[in-house]
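Read off the chains here:
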Amino acid sequence: LQGYGKRRVAGFEDFIFHKGIEFAVEAGREIEAVAPGTVRYVGTMPAYGNVIIVDHGSRDYTLYGRLGKVTVRQADPVKARE
């Protein structure tokens, strides 16, 4: 849906910097971790609904949002593609 980097937003004069890549998947599909890591947050966030944040080390994180069902808990280790 969105790539990394700066872009103009309709209605604003300035650019914004998007710090990640946003993907969409079909409703009901299971989400897989992009890399191994540790679950650091499970909860909700405004505009993202149910959220999981995975810490991959070296200040690299993945936020998985708008989730229908969460099957991991904070501090759980995850493997790539798990």
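The structure reproduced in this document is the subject of the present report. None of these values were measured; they are calculated from a predicted model.

1. Comments concerning the pattern of salt bridges
This model, assessed by the stated rule, comprises two salt bridges. In this structure, the salt-bridge partner of glutamate 32 is arginine 81, at a minimum N-O distance of 3.1 Å. Taken together, the residues span a long stretch of sequence, with glutamate 32 in the loop between strand E2 (15-18) and strand E3 (37-45) and arginine 81 in the segment after strand E6 (77-78) at a distance of 49 residues. Aspartate 55 is the salt-bridge partner of arginine 40, the closest N and O atoms lying 3.3 Å from each other. Of this pair, arginine 40 sits in strand E3 while aspartate 55 sits in strand E4 (residues 49-57), placing them 15 residues apart in sequence. For aspartate 55, a relative accessible area of 16% corresponds to the buried category.

2. Side note on the sheet that holds E4
Taken together, four strands build an open sheet; the order of strands is E5-E4-E3-E6 and the sheet is antiparallel. Of all strands in the sheet, those bounded by a partner on one side alone are strand E5 (60-64) and E6. As paired elements, E3 and E4 share seven bridges and run antiparallel to each other. When the bridges of E4 are listed, threonine 38 appears paired with aspartate 55.

Rules of the game
Residues numbered from 1 in each chain as written. Predicted model: local features only at pLDDT ≥ 70, side-chain atom pairs only at ≥ 80, totals over all residues. Heavy atoms only, no water. Salt bridge = Lys/Arg side-chain N within 4 Å of Asp/Glu carboxyl O. Helix = DSSP H or I, 4+ residues; strand = E, 2+ residues; numbered from the N terminus. Buried < 20%, exposed > 50% of the residue type's maximum accessible area, 1.4 Å probe, protein only. Pairing = 2+ DSSP bridges.

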